[in-house]
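One letter stands for each residue in the lines below.
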Amino acid sequence: MKDRELTQRKNDHLDIVLNPTRALNKRGTGFAQWRFEHCAMPELHLDEIDLRSALFGKALRAPLLISSMTGGASRAREINRHLAEAAQALGLAMGVGSQRVALESEDNWGLTRELRQAAPDIPLLANLGAAQIAGRNGVDYARRAVDMIEADALIIHLNPLQEALQGGGDRDWRGVLTAIANTVKALPVPVVVKEVGAGISVPVARQLAEAGVAMIDVAGSGGTSWAAVEGERAATPHARAVAMAFADWGIPTAQALRDLHQALPQMPLIASGGISDGIDVARAIALGATLAGQAAGVLGSATASSEAVIAHFQIIIDQLRVACFCSGSASLRALRQATLVRIGDEG
């Protein structure tokens, strides 16, 4: 695909995701069916609740990952800088968007070591698609992506539904698991595998665990629907009709998280896909997540300034702290033992 076409596609994605009424999976994440049992007498000091966590040997002040967004459009340079500065200020982890464009063209769009200079202390995660990893240059691309930003780990994203619906998408997914296993062996940093909004099932998670993947991001349905995004940018009524039929496809985030934690209790998990606030973060932690990730929810702030991103995540952190307080949880460890009550089957 030509550089110009790739860049235009990324710009289209930004425009559509910034208007979430056009790209949300209306089925829901599943988090709304879970409620914490309220603790009317917490015997805690709100300001002393411990939200600290860690990722790949680096400390976090809250269990949050700024999830992968965009890596290909010119405005991504400012977006990435704002996100990195905010992550450094708040002590959060950050995953960059796909580095394919940066690797295959002369345009890096801010995905350089300058990003690491803006965020020297946080866990910073590189990112490539499974189709690129499975290509003939896969291991070389992976090494270059990590080196490009001095990353602490590499995210490999799985997006078969999006590729199937995208004009010019990667249709041949044979050999992806072998390529992931080879990448795990070749890299000096851990490999994380994530979906992009349709969830990861238990059988796939077991395969990834056997391949040596260090962490899985369930990235379930309920947030941005990339099928709907591709439907919005479809070139023909036929392509739009095919794509929109899959707008609610996928495993809801809460279900994917709960299933994977029960099946693979030792596998560290990231919960992303429709995380809307600090209560969702608390629910995710209680259902088995190590971290919670958010992308589309902060994109509007990221286009504005670092300060806007900081303000956005400070709200989420404060909400998480209150959720801990009112569930009687003095720390994330205690939150994982807090009582969650299932109240319904939808949401």
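Residues numbered from 1 in each chain as written. Predicted model: local features only at pLDDT ≥ 70, side-chain atom pairs only at ≥ 80, totals over all residues. Heavy atoms only, no water.

Within an unreviewed UniProt entry, the label attached to the protein reads Isopentenyl-diphosphate delta-isomerase, and the organism entered is Mixta gaviniae. Recorded in UniProt under Sequence similarities (unreviewed entry), the annotation for the protein is "Belongs to the IPP isomerase type 2 family." Turning to the protein, the UniProt annotation filed under Function (unreviewed entry) states: "Involved in the biosynthesis of isoprenoids. Catalyzes the 1,3-allylic rearrangement of the homoallylic substrate isopentenyl (IPP) to its allylic isomer, dimethylallyl diphosphate (DMAPP)." (UniProt positions renumbered as here; feature names shortened; annotations may be inferred.)

Student: Describe the UniProt feature "binding site: FMN" (unreviewed entry) in the protein, listing the residues and the values that go with them.
Tutor: In this numbering, the UniProt entry assigns the feature "binding site: FMN" (unreviewed entry) to Ser67, Ser68, Met69, Thr70, Ser98, Asn127, Lys194, Thr224, Ala295 and Ala296. Among the structural elements, asparagine 127 can be located in strand β6 (residues 124–129). Not counting residues within four places of it along the chain, the set of residues in contact with asparagine 127 comprises Ser68, Val96, Gly97, Ser98, Gln99, Leu154, Ile155 and His157. A distance of 3.1 Å separates a polar atom in the side chain of asparagine 127 from the backbone oxygen of valine 96. Locating threonine 224 in the fold gives a position in the loop between β9 (215–217) and α10 (226–232). (Helix = DSSP H or I, 4+ residues; strand = E, 2+ residues; numbered from the N terminus. Contact = heavy atoms within 4.5 Å. Polar contact = N/O pair within 3.5 Å; in protein donor to acceptor, adjacent residues only side chain to side chain.)

Student: Go over the environment of arginine 35 with me, naming the residues and quoting the values.
Tutor: Mapping arginine 35 onto the fold places it in strand β1 (residues 34–36). Sequence-distant contacts of arginine 35, defined by excluding residues within four places in its chain, comprise Arg283, Thr339, Leu340, Val341 and Ile343. A polar contact of 2.8 Å, which involves the side chain of arginine 35, links it to the backbone oxygen of alanine 32.

Student: Explain helix α8 (residues 176–186) to me, and be specific about the residues and the numbers.
Tutor: All of the buried residues in α8 are Val176, Ala179, Ile180, Ala181 and Thr183. In the core, the buried residues of α8 are packed alongside α5 (130–133), α6 (138–149), β7 (153–158), β8 (191–195) and α9 (202–210). (Buried < 20%, exposed > 50% of the residue type's maximum accessible area, 1.4 Å probe, protein only.)

Student: Just give me the short version of the packing of helix α2 (residues 76–90) against helix α15 (residues 306–325), but keep the residues and values in it.
Tutor: Where α2 meets α15, the closest approach of the two axes is 8 Å, and the angle between their N-to-C directions is 50°. The orientation of α2 relative to α15 falls into the category oblique. Where α2 crosses over α15, the handedness of that crossing is right-handed. Contact residues: Arg81, His82, Leu83, Glu85, Ala86, Ala89 and Leu90 in α2; Ser306, Val309, Ile310, Phe313 and Gln314 in α15. Across the contact of α2 with α15, the residue classes tally to seven nonpolar, three polar and two charged. (Axes fitted to C-alpha atoms, helices over the stretch in contact; angles between N-to-C directions. Parallel < 35°, antiparallel > 145°, perpendicular 65-115°, else oblique. Left-handed = near helix turned anticlockwise from the far one by under 90°. Nonpolar A, V, L, I, M, F, W, Y, C, P; charged D, E, K, R; others polar.)

Student: Now, about the sheet that holds strand β4 (residues 64–66): what can you tell me, with residues and values included?
Tutor: Pairing within the closed barrel is parallel, and its eight strands lie in the order β4-β5-β6-β7-β8-β9-β10-β11. Across the sheet, the axes of successive neighbouring strands diverge by a mean angle of 25°, strand direction being ignored. With two bridges joining them, strand β5 (residues 93–95) and β6 adopt parallel strand pairing. Bridging across to β6, methionine 94 finds its partner in leucine 124. (Pairing = 2+ DSSP bridges.)

Student: Outline the nonpolar core, supporting the account with residue identities and numerical values.
Tutor: Formed by 82 residues in total, the largest nonpolar core has its most connected members in Met94, Ile149, Leu154, Ile216, Leu257, Phe313 and Leu335. The leading source of residues in this core is α15, at seven residues. In this structure isoleucine 149 touches Val96, Gln99, Leu111, Thr112, Leu115, Arg116, Leu124, Leu125 and Ala126, once residues within four positions along its chain are discounted. Ranked by size, the runner-up nonpolar core spans eleven residues in total, among them Leu65, Ala93, Leu125 and Val192. (Core = buried A, V, L, I, M, F, W, Y, C linked by side-chain atoms within 4.5 Å.)

Student: Give me the pairing of β8: which residues, what numbers.
Tutor: Burial analysis of β8 places five of its five residues in the buried class, which makes it a mostly covered element. As judged from the five bridges shared by β7 and β8, these two strands associate in the parallel manner. Bridging from a neighbouring strand, histidine 157 pairs with lysine 194 of β8. When β8 meets β9, the two strands line up parallel, connected through three bridges. Note that in β9 the partner of lysine 194 across the bridge is aspartate 217. For the segment spanning β8, α9 and β9, crossover handedness is right-handed. (Right-handed = clockwise from strand over helix to strand, strands pointing away.)

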